[in-house]
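For reference, the chains in residue letters:
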Amino acid sequence: MSTATTDGIRVTVEPTYWPERSTPESGQFAFMYKVELFNEGTVPAQLRSRHWIITDAQGHVDEVKGEGVVGRQPHLKPGERFEYTSWAMLRTPFGTMRGTYEMERPDGTRFEARIAEFALTLPHALH
């Protein structure tokens, strides 16, 4: 699990291995992750885009960029939260993810809310 707070926006991620979508014998390891964004600040913000950096155990890096998350660009007033679940596929039984969400304030200013690095690991793969 990881947590980071940037300019009043707290991002918490909880990953889990997804055995039903994985085929280890083919080098496909699926991981779900639940994200919670919480505006613990005093100013509203809207999530505009995402940028993920996904690294497997062999050092292979995939970057994912796009508008919003799960087809949405949520507005977060102070005290509000937004949760969603997504997933990623690795070629190895463990790796890492990290990234940023581009957020926009009502006055048009933008900032990047950090997504702290978290591990994607097959249960009992690491001791």
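Source: prediction; values computed, not measured. (Residues numbered from 1 in each chain as written. Predicted model: local features only at pLDDT ≥ 70, side-chain atom pairs only at ≥ 80, totals over all residues. Heavy atoms only, no water.)

## Some points on the overall build of the chain
Inference 1: Counting its regular elements, the chain contains 0 helices and 9 strands.
Inference 2: Its helices and strands taken in sequence order, the chain reads β-β-β-β-β-β-β-β-β from the N to the C terminus.
Inference 3: Its C-alpha radius of gyration of 15 Å places the chain within 12% of the 14 Å reference for a compact globule of 127 residues.
Inference 4: Along the three orthogonal principal directions, the C-alpha set of the chain runs to about 50 × 25 × 20 Å.
Inference 5: When burial is assessed residue by residue, the chain has 42% of its 127 residues classed as buried.
Inference 6: For the chain, long-range pairs separated by at least 24 residues make up 63% of all intrachain contacts whose partners lie at least 6 apart in sequence. (Helix = DSSP H or I, 4+ residues; strand = E, 2+ residues; numbered from the N terminus. Rg over C-alpha atoms; globule rule 2.2 N^0.38 Å. Buried < 20%, exposed > 50% of the residue type's maximum accessible area, 1.4 Å probe, protein only. Contact = heavy atoms within 4.5 Å.)

## What about the pattern of salt bridges?
Inference 1: Counted by the stated rule, this structure contains 8 salt bridges.
Inference 2: For E36, the salt bridge goes to R10, with nearest N and O atoms at 3.9 Å. Taken together, the residues span a long stretch of sequence, with E36 in strand β3 (residues 29-39) and R10 in strand β2 (residues 9-17) at a distance of 26 residues.
Inference 3: Residue E36 is classed as buried on the basis of its relative accessible area, which comes to 16%.
Inference 4: One salt-bridge network, in which partners are shared between bridges, spans R10, E36, E40 and R81. (Salt bridge = Lys/Arg side-chain N within 4 Å of Asp/Glu carboxyl O.)

## A look at the packing of aromatic side chains
Inference 1: Tallying each qualifying case throughout the model produces 7 aromatic pairs.
Inference 2: With centroids separated by 6.2 Å and ring planes inclined at 50 degrees, the aromatic side chains of Y33 and F118 adopt a geometry described as tilted. With a gap of 85 residues between them, Y33 in strand β3 and F118 in strand β9 (residues 110-121) connect regions that are remote in the sequence. Each member of the pair, Y33 as well as F118, carries the same accessibility label: buried.
Inference 3: Through a chain of ring-to-ring contacts, three or more aromatic side chains come together here, namely Y33, W52, Y101 and F118.
Inference 4: Geometry around W87 places R21 over its ring, the cationic atom sitting 4.5 Å from the centre. (Phe/Tyr/Trp six-rings, centres within 6.5 Å; stacked < 30°, edge-to-face > 60°. Lys NZ or Arg CZ within 6 Å of the ring centre and 35° of its normal.)

## Some words on the environment of T23
Inference 1: Among the secondary structure elements, T23 is positioned in the loop between β2 and β3.
Inference 2: Sequence separation of T23 and R91 is 68 residues, and the distance between their C-alpha atoms is 9.8 Å.

## Topic: the environment of I9
Inference 1: Residue placement: I9 occurs in strand β2.
Inference 2: Overall, the relative accessible area of 0% leaves I9 in the buried class.
Inference 3: For the pair I9 and S86, spaced 77 residues apart in sequence, the C-alpha separation works out to 19 Å.
Inference 4: Excluding its chain neighbours within four sequence positions, the residues that come into contact with I9 are A4, L37, F38, N39, A45, M103, F111 and A113.

So far we have only geometry, and geometry alone does not tell us how the molecule works.
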